[in-house]
Amino acid sequence: SDILHHTLSVSPSLSIKVKSRSWKKQRHFRLLEDGLTIWYKSKWAGKGHSTFSVTEVEAVREGHQSEILLSTAEEFPADLCFTLVFHGRQGNLDLVAESLEEAQAWIQGVRKLIHKAETMDEQERLDQWVRDWFQKADKNKDGKMNFKEVKKLLKMMNVEMNEEHAYHLFKMADKSQSDSLEIEQFVHFYKILTQRNEVWKVFQDYSGDGEKLMLEELENFLRTEQQEEEQSTQHAKQLIESYEPSETGKQGAMSLEGFQMYLCSQDGSIFKPGLLELYQDMSQPLSHYFISSSHNTYLLEDQLRGQSSLEAYIQALKRGCRCVEVDCWDGSDGEPVVYHGHTLTSKILFKDVISTIKEYGFRASDFPIIVSLENHCGLEQQTLMAQHLTQILGDLLQTSTLDGQVPQQLPSPQELKGKILLKAKKIGGLEKCVDETLTDEVSDEEEMANGDEESPTEEPQAEKKNKKSKLSRELSDLVVYCKSVHFHGFEHAHCHAKCYEMSSFSESKAKKLGKEAGTEFVQYNTRQLSRTYPSGLRTDSSNYNPQDMWNVGCQIVALNFQTAGLEMDLNDGLFKQNGGCGYILKPDFMRDAIFHTKIQSKSQLLSNNGQQLPKVNQKEGSIVDPLVRVEIYGVPQDQAKDETSHINNNGFNPVWNATLNFVIHTPELALVRFVVEDYDKASRNDFIGQFTLPFTCIQPGYRHIHLLSKDGMAIPPSSLFVNISISDYE
């Protein structure tokens, strides 16, 4: 990393930034002194430049590993090319270095820096965040700041403080008495300025001498406040070992600094750490799980003229998505293509999509992937699709039942680990006496429009006539556990349906069925899979609320992963648990063939204070007026929201001291979303950050909630400090 620093920061390297086959521009890049910020500017720009942090970069791909670099492969040799892949929905940065040495310096160097950034603990991350601000504000680069500059910087950091108090702390931190602070002195000054009063108060309540928490005092705190009954002695010892910074303190006591570090850590987080790991029984039938699922996976934007891209599949799969959609159409040169039919969205090759699924499918999870095929191709190209699937995927593709028998229930995620299932039409069934003709012939779009005449991208009716396309035997044979069929009602399914048959429902059809026959829908979903998808009117790729579909047991609730917002927050929140593997076991009462409506114990939730919220509006002098809203999503009876009042001009350490109470009847289906907004009396409040999690994953007591951006990315060090109490009462 030091060698890299020397080669990259002293002399900026020249790279070519490539956006398309025709858009190629030269850019200067260099690593700044903090070892975490990459600075770049156009070769022609005067003083203008931009920066981004290594913490925003997820991975470095070497060679022609993006669609754009592949399209320019003849012009730029692979060993000079590399791609920076960013977290979230931000586009990639494709670069071509001037020499092999320079390319390797960047590839290896950035990978090391990513590793360094990923292994930082909360405290190091906070210190780094403070240093980043200092460097941004140190305009003359002399590494020092006087009080006037510090005041200006604190305002940029969203800190409102009493000037006299701040000046007193400034003098204390200025050890060299030079009326200025160097970077590490500023980090120290910032820490003492931001010491949280409420944490100090809790510490004082349990500390006998006000200086430290002895082992039994920490135990008492864990039992009383954090509702940790079992093994609190063992846990208290572990916490001192992990978070107490001073060696003397580790002899069985915790200082205020250690206590603060514990509360900001994973152990002090609102999310039970044990439930972030894979903890559920994965040996039940597929129909017993909610499955993280994407709609129109190939799109990066809207559904009318957005770009179809392999990157969209990579992004969905790395978010833990386990069911992806592939819309196939006849390609003009004989190769099937994937795009949103009858629109201006661009096209990608079917075989490239399948290769991408193979390469990226099992990085976030080992559990099975379902490829939902929407097939609009003629016989010839369908057969070619079957060839691509078998040749590219090989043994990964599940092409026969596991034991050679006709299944009475679906296999489990555990049994199908590392396998890819094709969801499509099938000639006949898995039984021996196969009817050679495809009965129940309905094109995918008709099925999609099943009870949903809202789709503007539908084919004109005239063209649709006589288009009951024949199904290629080769493609049909690849369908085993996910045969697409038309839905003929719950009664028909109960009497005739096979466990491997599944139907798709538009959001309006699914909602209607849920309202009219909720219990039957839950029962149907104990044995068969069902897929729901957004209305065709959502051409902007907006989403519906997935909770309504989960409430009736639908497993494959397909959402537009490319669109950030409440709906994806709920999806991310539900699937964050269980190792992020994309499969969540449904509550037991939704897995029985006999569905029992049940009332659960009632619970209450209380919440408190916030810290270091990011600025929404970067205008000079603007400071946020934050409020917190807690929203409950679950069965209709549990849907609720309540909010605190807003605090004027304090995004830095607002204290709401508000208590919000909720009664929750079915905790197993409830999600809790904490949202922080900047109050605006004239217009809609601005979103600041949010965090969503299942009610069953909440740790009670004094906890930190580390807020996420609209895109679902961490925004350190923004957090809420809450006190949560959960109690049963009649």
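Remember, predicted model here, so these are calculated numbers, not experimental data.

Enquirer: I tried to follow the overall build of the protein on my own but got confused; where do I start?
Expert: If you tally the helices and strands in the protein, you get 21 helices and 29 strands. Counted over contacts in the protein with a minimum sequence separation of 6, partners at least 24 positions apart contribute 68%.

Enquirer: Is there a simple way to think about helix α14 (residues 379-393) in this case?
Expert: The periodicity of an α-helix, 3.6 residues per turn, causes residues three or four places apart in sequence to face the same way. With 15 residues, α14 extends 21 Å from end C-alpha to end C-alpha; this agrees with the ideal 21 Å at 1.5 Å per step. Each element contacted by the buried residues of α14 is listed here: β13 (323-329), α13 (350-360), β16 (369-375), β17 (420-424) and α17 (473-476). A positive phi of about 55 degrees marks Gly394, the residue just after α14.

Enquirer: What should I look at first to understand the pairing of strand β7 (residues 93-97) in this one?
Expert: In the case of a regular strand, side chains alternate between the two sheet surfaces. Most of β7 sits out of view: 5 of its 5 residues are buried. Residues Leu93, Leu95 and Ala97 line one face of β7 and the alternating positions Asp94 and Val96 line the opposite face, and both faces are buried. Linking strand β6 (residues 81-86) back to β7 in an antiparallel pair, the connection comprises 6 residues, with Gly88 at a positive phi of about 70 degrees.

Enquirer: Sorry if this is basic, but what is going on with the pattern of salt bridges here?
Expert: Side-chain pairs of opposite charge can arise whenever the charged atoms involved come near each other. Under the defined criterion, the tally for this structure stands at 25 salt bridges. A salt bridge links Asp711 to Arg89; the nearest nitrogen and oxygen atoms lie 2.5 Å apart. Taken together, the residues Asp711 in the loop between β28 (701-708) and β29 (714-724) and Arg89 in the loop between β6 and β7 connect sequence positions 622 residues apart. Residue class for Asp711 comes out partly exposed when judged on its relative accessible area of 21%. Note that Arg319 is salt-bridged to Asp572, the shortest N-O span being 2.8 Å. Of this pair, Arg319 sits in the loop between α12 (310-318) and β13 while Asp572 sits in helix α21 (residues 566-575), and the two are 253 residues apart along the sequence. By relative accessible area, which is 25% here, Asp572 ends up partly exposed. Beyond isolated ion pairs, a larger network of salt bridges with shared partners links Asp569, Arg629, Glu631, Glu643, Arg673 and Glu677.

Enquirer: Please explain unusual backbone geometry as it appears in this structure.
Expert: Negative phi characterises most residues that are not glycine, and trans characterises most peptide bonds. Even without being a glycine, Ser541 presents a positive backbone phi close to 65 degrees. In this structure, Ser541 sits in the loop between β20 (530-533) and α20 (547-550). Relative accessible area serves as the criterion here: at 1%, Ser541 is assigned to the buried category. Of note in this structure, Asn578 is not a glycine but carries a positive phi near 55 degrees.

Enquirer: What is the right way to look at the confidence of the model for the protein in this model?
Expert: Should the pLDDT be low somewhere, the predicted coordinates at that spot are not to be read in detail. Chain-level pLDDT for the protein is 85 on average; 87% of the residues reach the 70-or-more range. A low-confidence stretch, residues 433-466 (pLDDT under 50), is modelled with 75 contacts involving residues beyond four sequence positions or located in other chains. Predicted confidence for residues 596-601 stays below pLDDT 50, and this span has 15 contacts to residues more than four positions away or in other chains.

Enquirer: Any chance you could explain a positive patch on the surface here in plain terms?
Expert: Taken together, the side chains of Lys139, Lys141, Lys148 and Lys152 present a region of like positive charge at the surface. Inspection of the secondary structure assignment puts Lys139 in the loop between α4 (122-137) and β8 (144-145). A relative accessible area of 70% places Lys139 in the exposed class.

Enquirer: Is there a simple way to explain the UniProt feature "binding site: substrate" (unreviewed entry) in the protein in this structure?
Expert: In the numbering adopted here, UniProt assigns the feature "binding site: substrate" (unreviewed entry) to Lys423, Lys425, Ser504 and Arg531. Annotated residues spanning 109 residues; largest pairwise C-alpha distance 14.3 Å, indicating a single compact cluster. Inspection of the secondary structure assignment puts Lys425 in the loop between β17 and α15 (444-448). Along the chain, the position of Arg531 falls in strand β20. Excluding anything up to four places from it in sequence, Arg531 contacts His295, Glu325, Ser372, Lys423, Met502, Ser503, Ser504, Phe505, Ile556 and Ala558.

Enquirer: Even after reading the chapter, I still don't get the layout of surface pockets, so can you show me in this structure?
Expert: If a probe the size of a water molecule is rolled over the atoms, the empty space left behind becomes visible. In this model, the second largest pocket occupies a volume close to 740 Å³. The wall of the second largest pocket is formed by 31 residues, among which Gln90, Gly91, Asn92, Leu300 and Gln307 lie closest to the centre. Per element, the largest residue contribution to the lining of the second largest pocket is 4 residues, and it comes from α12. Its residues placed into classes, the lining of the second largest pocket shows 11 nonpolar, 12 polar and 8 charged.

Enquirer: What is the right way to read the pairing of strand β19 (residues 501-506) from this model?
Expert: Counting buried residues in β19 gives 6 out of 6 residues, a clear majority hidden from the surface. Residues Glu501, Ser503 and Phe505 point to one face of β19 and Met502, Ser504 and Ser506 to the other, with burial holding for every one of them. The pairing of strand β18 (residues 482-484) with β19 spans 2 bridges and is classified as parallel. Bridged to Ser484 within β19 is Met502. Handedness of the β-α-β unit built from β18, helix α18 (residues 490-496) and β19 comes out right-handed.

Enquirer: Help me understand the environment of Ser412 in this model?
Expert: Tracing the chain through its elements places Ser412 in the loop between α14 and β17. Take Ser412: its relative accessible area is 3%, and that puts it in the buried class. With 128 residues separating them along the chain, Ser412 and Gln284 place their C-alpha atoms 5.0 Å apart. Once you skip the residues sitting within four places of it in the chain, Ser412 turns out to touch Met282, Ser283, Gln284, Pro285 and Leu286.

Enquirer: Mind showing me how you'd approach the environment of Val655 here?
Expert: By the element assignment, Val655 lies in the loop between β25 (640-643) and β26 (671-678). A residue is classified by how much of its surface remains accessible, and Val655, at 36% relative accessible area, is partly exposed. Along the primary structure Val655 and Glu198 are separated by 457 residues, whereas in three dimensions their C-alpha atoms are 9.0 Å apart.

Enquirer: Looking at this model, I keep getting lost on helix α7 (residues 183-193). Mind explaining?
Expert: Residues of α7 that are buried: Gln185, Phe186, Val187, Phe189, Tyr190 and Leu193. Buried residues belonging to α7 abut α4, α5 (147-156), α6 (163-173) and β9 (181-182).

Enquirer: Mind showing me how you'd approach the packing of aromatic side chains here?
Expert: Aromatic rings considered in pairs are described by the distance between their centres and by the relative angle of their planes. Counting across every chain of the model gives 31 aromatic pairs. Residue placement shows Lys19 over the ring face of Trp23; its charged tip is 4.9 Å from the ring centre. Lys347 extends its terminal NZ or CZ atom over the ring of Tyr339, reaching a point 4.3 Å from the ring centre.

Enquirer: I would appreciate a short explanation of the packing of α5 against α6 in the present structure.
Expert: The angle between the axes and the distance between the axes are what describe a pair of packed helices. Between α5 and α6, the shortest axis-to-axis distance is 11 Å and the interhelical angle comes to 120 degrees. Taken together, the axes of α5 and α6 are oblique relative to one another. The hand of the α5/α6 crossing is right-handed. Along its contact with α5, which presents Phe147, Val150 and Lys151, the element α6 presents Glu163, Ala166, Tyr167 and Phe170. Across the contact of α5 with α6, the residue classes break down as 5 nonpolar, no polar and 2 charged.

The rules behind these values
- Residues numbered from 1 in each chain as written.
- Predicted model: local features only at pLDDT ≥ 70, side-chain atom pairs only at ≥ 80, totals over all residues.
- Heavy atoms only, no water.
- Helix = DSSP H or I, 4+ residues; strand = E, 2+ residues; numbered from the N terminus.
- Contact = heavy atoms within 4.5 Å.
- Expected span 1.5 Å × (residues − 1).
- Buried < 20%, exposed > 50% of the residue type's maximum accessible area, 1.4 Å probe, protein only.
- Pairing = 2+ DSSP bridges.
- Salt bridge = Lys/Arg side-chain N within 4 Å of Asp/Glu carboxyl O.
- pLDDT = per-residue confidence, 0-100.
- Patch = residues over 30% accessible without salt bridge, like charges linked within 9 Å, V, L, I, M, F, W, Y side chains within 5 Å.
- Areas by Shrake-Rupley, 256 points an atom, 1.4 Å probe, with all protein chains shown as cover.
- Lys, Arg positive; Asp, Glu negative; His and termini not counted.
- Charge placed at Lys NZ, Arg CZ, Asp CG, Glu CD.
- UniProt positions renumbered as here; feature names shortened; annotations may be inferred.
- 1 Å grid on protein atoms, 1.4 Å probe; cavity = no way out; pocket = protein on both sides within 12 Å on 5 of 7 lines; lining within 4 Å.
- Points joined across faces, edges and corners; volume = space filled by probe spheres on them.
- Nonpolar A, V, L, I, M, F, W, Y, C, P; charged D, E, K, R; others polar.
- Right-handed = clockwise from strand over helix to strand, strands pointing away.
- Phe/Tyr/Trp six-rings, centres within 6.5 Å; stacked < 30°, edge-to-face > 60°.
- Lys NZ or Arg CZ within 6 Å of the ring centre and 35° of its normal.
- Axes fitted to C-alpha atoms, helices over the stretch in contact; angles between N-to-C directions.
- Parallel < 35°, antiparallel > 145°, perpendicular 65-115°, else oblique.
- Left-handed = near helix turned anticlockwise from the far one by under 90°.

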